[in-house]
Amino acid sequence: MEGFFACYYEGVKEMEDELNSLEKIKQESPLIYHITNNVVKNDVANVTLAIGASPIMSDHPKEAEEITQLASALVLNTGTIHPNSAEAMLLAGKTANKKGIPVVLDPVGVGATSYRKEIMIRILEEIEITAIKGNAGEIATLAGTAWKTKGVDAGEGEADLVESAKQLANKHNCLVGLSGEVDIVTDGKTTYQVKNGHPMMAQITGSGCMLSGVVGSFLSVSKDETLEVLLQAFISFAVAGEKAANHSSVRGTGSFRSTFIDELYLLTDEDIKKNRKVEEI
Amino acid sequence: MEGFFACYYEGVKEMEDELNSLEKIKQESPLIYHITNNVVKNDVANVTLAIGASPIMSDHPKEAEEITQLASALVLNTGTIHPNSAEAMLLAGKTANKKGIPVVLDPVGVGATSYRKEIMIRILEEIEITAIKGNAGEIATLAGTAWKTKGVDAGEGEADLVESAKQLANKHNCLVGLSGEVDIVTDGKTTYQVKNGHPMMAQITGSGCMLSGVVGSFLSVSKDETLEVLLQAFISFAVAGEKAANHSSVRGTGSFRSTFIDELYLLTDEDIKKNRKVEEI
Amino acid sequence: MEGFFACYYEGVKEMEDELNSLEKIKQESPLIYHITNNVVKNDVANVTLAIGASPIMSDHPKEAEEITQLASALVLNTGTIHPNSAEAMLLAGKTANKKGIPVVLDPVGVGATSYRKEIMIRILEEIEITAIKGNAGEIATLAGTAWKTKGVDAGEGEADLVESAKQLANKHNCLVGLSGEVDIVTDGKTTYQVKNGHPMMAQITGSGCMLSGVVGSFLSVSKDETLEVLLQAFISFAVAGEKAANHSSVRGTGSFRSTFIDELYLLTDEDIKKNRKVEEI
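Residues numbered from 1 in each chain as written. Chains lettered and ligands numbered in written order. Predicted model: local features only at pLDDT ≥ 70, side-chain atom pairs only at ≥ 80, totals over all residues.

Q: Honestly, the interface of chain C and chain A in this entry has me stumped. Any pointers?
A: In many analyses, interface size is given as the accessible surface area lost on bringing the parts together. The interface is formed by 20 residues belonging to chain C together with 24 residues belonging to chain A. Of all the secondary structure elements, the ones that give two or more residues to the side of chain C that touches chain A are α4 (41-50), α7 (114-126) and α12 (253-266) of chain C. Looking at the side of chain C that touches chain A, the element that brings in the most residues is α12 of chain C, giving four residues. Classifying every residue of the side of chain C that touches chain A by side-chain character gives five nonpolar, 13 polar and two charged. (Contact = placed C-beta atoms within 7 Å. Helix = DSSP H or I, 4+ residues; strand = E, 2+ residues; numbered from the N terminus. Nonpolar A, V, L, I, M, F, W, Y, C, P; charged D, E, K, R; others polar.)

Pasting the structure below:
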């Protein structure tokens, strides 16, 4: 395994080594506006704070434009969406586009109901998205690729998913990050796999939503090289997750959740460089 | 105390010993649809995941029917209810009945306001409930028994509560589980008392709501013997609670909450059999 | 530093020494009605329980009056406010005033949007507030003092803030508690500074909101001497925070959050007296 990662693409490594997003986040403490679901609000806010950014939340259209004016990034998450939050997302998204701040879309459960699909179509038509962060089912649904959530073996799945992610990136001219056992990060041309992480991350609610918050925070302090910054956000989250899962105090998912936030709080750009298991594919 | 539990009804014990709900939940990973209150959503989702099931949440009528179509059980919880979530509950409940999946009702705070009582009457009239899970005040309110929340001594209270629970079960032809210092589980004919648990469980918010999520998960993998399965769900929750309260790392309610989720994550069917303190009354 | 606090005003010390709010809260278990934001509901409920009070939450106008009739204090928090919760706040506030129970206002993010300002003006015009709890920016916004959130050095800031807090107290004839590195507690005439606390408290979401819940609980068991009781609430929260931050198990903000609730659960009136760093100014 180590031999495998030793062949890490050298050009990328150098580019990545110059990045110091966590340091920048802690210095700038960017305000991240989350319109997110009611299950994860507290954890997403705490994760945003843990890495040094500052969260603000509200899902009413009356406040969406003004809060976006204050923010350095916007994160839209469609879990528990309802007409008010959908309207807030559209208003905030348009304001973010005018203002030129990054917009992250986490299409939670887009395949579950026709209402979510309908909202997603409007969001993708009316707002320019910087990065879409989803799990396999969500990315495949948005890419329009046939993908069965159950009964697909890993090998087959992996191949399809890389293709889905790239297609989606090209379709909407945005970055795509697919979280899973192996994460896929792409801009439609260059694609990376992140092999960090731990299965326990999928056993707490909202870990994907927390990652979207991290992605928003990272993108908010980046001017260019956004694919590399998105990659760095994914690695950070996965490295913190594996550190937490391996920590001696963790006995189950309750202690894992607290320890995960501790590790995100303690994480440095140096940790990312030292622990990353990344491959360009 | 041990002598007391040694007289545990042998017939039940044998029936119970064949049950392996936790193993089944972990194998099937059933999707549990929770329409629940905003105070506890995160904890309920994490508890559902901890025991091996998969939570989905949404409280808007636009999504209620489609999500119910995907789910293996429906859990309705009336804490922080509002017109949208009430409508979602009615739509989801009717769909669940047509589809034949279990419906758990947690009538949180039903005695507190006339609005909650009104909604509860509609739910109980329009939906066939599989199991009602409530505390003493909630069960007594629904049963229509006079019961004073304060100033009632334990002995008197206990007797009344068993009667209330049985009456309620017979009135709605459903299972009833009453959580308290001693839990009462009944189908109106057969009644059990569960003497597991720990007072600290009542000192964190939403422990009753988490139990309803556990009940929904257990019932979702059960075809018959539902009273025994409900009993098993109550024992599981109480055993995990007492293990957590006695764990060396717990100093107060903050650490108890994390440790409780750890214990639910670690719990096995074997633990339930070994630690149960149950009596048929 | 210790010499400094040794000059603690003796008259106040004696008055304070007679207070035993935590003991009273644990004895009376007052019901505290929180109309609060969706990010912090769970933590606020758990903190309320940890100190011995009993939380109830609901943000729909249909329930606001009846729940207030049951409660011993009302806490209004404007984070994630929307038209329904705003209406619930106004109804609950008026009922609380008629009934004569304390009303605590936490004007979360009042400076962020015109909608929040508009609601705040209505609340302050239509409801008699017992205590306003806010951070520097919120208190300055309500006081109408010019105050820049960034680029103001501590010395300058501190002086302005004491003046803002006093002005606000006099303007609305209420108590004001300003949380920050140094807390300021005033009734417009007498003013205290609390130098307990720890920077980590600002690195978890909703610590200010939790403090408002503590303030509501303390005021609910107090007949008079409300300034001293508010002061005690602030000291309690800050002492628990510093105990938590210094506890050996805390590695980051995830473990801090659990440990903070543990410390609030373990806190006694004796701890408050022993650890307070208070000065009348």
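Q: How should I be thinking about the packing of helix α11 (residues 226-245) of chain C against α12 of chain C in this particular structure?
A: Two quantities define a packed helix pair, namely the angle between the axes and the distance from one axis to the other. Residues and elements named next belong to chain C. Two numbers describe how α11 lies on α12: the axes approach to 8 Å, and their chain directions differ by 130°. When the axes of α11 and α12 are compared, the pair comes out oblique. Once α11 is placed against α12, the crossing between them reads as right-handed. In contact with A240, G241, K243, A244 and A245 of α11, α12 contributes F256, T259, F260, E263 and L264. When grouped by side-chain class, the residues that make up the contact of α11 with α12 number six nonpolar, two polar and two charged. (Axes fitted to C-alpha atoms, helices over the stretch in contact; angles between N-to-C directions. Parallel < 35°, antiparallel > 145°, perpendicular 65-115°, else oblique. Left-handed = near helix turned anticlockwise from the far one by under 90°.)

Q: Could you clarify how one ought to interpret the packing of helix α10 (residues 207-220) of chain A against helix α11 (residues 226-245) of chain A in this entry?
A: All names here are of chain A. With their axes 9 Å apart at the nearest point, α10 and α11 run at an angle of 140° to one another. It follows that α10 is oblique to α11 by the angle criterion. Taken as a pair, α10 and α11 cross one another with a handedness that is right-handed. In this structure, α10 uses L211, V214, V215, F218 and L219 to contact α11, whose residues at the interface are T226, V229, L230, Q232, A233, S236 and F237. Within the contact of α10 with α11, the residues separate by chemical class into nine nonpolar, three polar and no charged.

Q: Teacher, can you tell me more about the sheet that holds strand β6 (residues 175-179) of chain C here?
A: Adjacent strands of a sheet pair through backbone hydrogen bonds, lying either parallel or antiparallel. All names here are of chain C. Pairing is mixed across the open sheet formed by nine strands, whose spatial order is β2-β1-β3-β4-β5-β6-β7-β8-β9. Looking at strand neighbours, the two that pair on one side only are β2 (54-57) and β9 (278-280), the edges of this open sheet. Averaged over neighbouring strand pairs, the angle between their axes works out to 20° when direction is ignored. Inspection of the sheet shows strand β3 (residues 73-77) paired to strand β4 (residues 103-106) by four bridges, in the parallel sense. Its bridge partner being in β4, L76 is matched across the sheet by L105. Each of β1 (31-35) and β2 touches α4; the most contacted strand, β2, lies at about 155° to it. (Pairing = 2+ DSSP bridges.)

Q: Quick question: what am I supposed to make of the relation of the copies chain B and chain A here?
A: Each of the two chain copies can be brought onto the other by rotation about an axis and movement along it. After a rotation of 120° and a shift along the axis of 0.0 Å, chain B superposes on chain A with an RMSD of 0.0 Å. In symmetry terms, the pair is related by a three-fold rotation axis. Relative to the rotation axis, the closest C-alpha in chain B is found at N38 of chain B, a distance of 3.9 Å. Counting the interface residues of chain B, we find that no more than 12% of their copies in chain A are interface residues as well, pointing to two distinct contact surfaces. (Least-squares fit on C-alpha atoms with pLDDT ≥ 70 in both.)

Q: I keep staring at the pairing of strand β1 (residues 31-35) of chain B and nothing clicks. Help me out?
A: Every other side chain in a regular strand lies on the same face of the sheet, so the side chains alternate between the two faces. Residues and elements named next belong to chain B. The buried fraction of β1 amounts to four of the five residues, a majority that puts the element mostly inside the structure. Judged from the four bridges that link them, β1 and strand β2 (residues 54-57) form a sheet pairing that is parallel. Along β2, the bridge assignment pairs Y33 with I56. Here four bridges tie β1 to strand β3 (residues 73-77), and the two strands are oriented parallel to one another. Counted as the bridge partner of H34 is V75 from β3. (Buried ≥ 20, exposed ≤ 12 C-beta atoms within 10 Å, placed from the backbone.)

Q: What should I look at first to understand the relation of the copies chain C and chain A in this one?
A: Least-squares fitting of chain C to chain A yields an RMSD of 0.0 Å, with the superposition described by an axial translation of 0.0 Å and a rotation of 120°. Mapped onto chain A, only 15% of the interface residues of chain C are again interface residues, and the two copies thus contact each other with different surfaces.

Q: Could you clarify how one ought to interpret the interface of chain B and chain A in this entry?
A: Facing 24 residues of chain B, the contacting portion of chain A comprises 20 residues. Going through the elements one at a time, α4 (41-50), β2, α5 (61-70) and α12 (253-266) of chain B are the ones with two or more residues in the side of chain B that touches chain A. Of the residues forming the side of chain B that touches chain A, the biggest block, seven residues, is contributed by α12 of chain B.

Q: Help me understand the sheet that holds strand β8 (residues 191-194) of chain B in this model?
A: All names here are of chain B. Taken in spatial order, the nine strands of this open sheet run β2-β1-β3-β4-β5-β6-β7-β8-β9, and their pairing is mixed. If you trace the sheet from one side to the other, it starts and ends with β2 and β9 (278-280), each paired once. Taken pair by pair, the neighbouring strands of this sheet meet at an average axis angle of 20°, ignoring direction. As paired strands, strand β4 (residues 103-106) and strand β5 (residues 131-135) are joined by two bridges and run parallel to one another. Its bridge partner lying in β5, V104 is registered against A131. Relative to the sheet, α4 contacts β1 and β2, its axis offset from that of β2 by approximately 155°.

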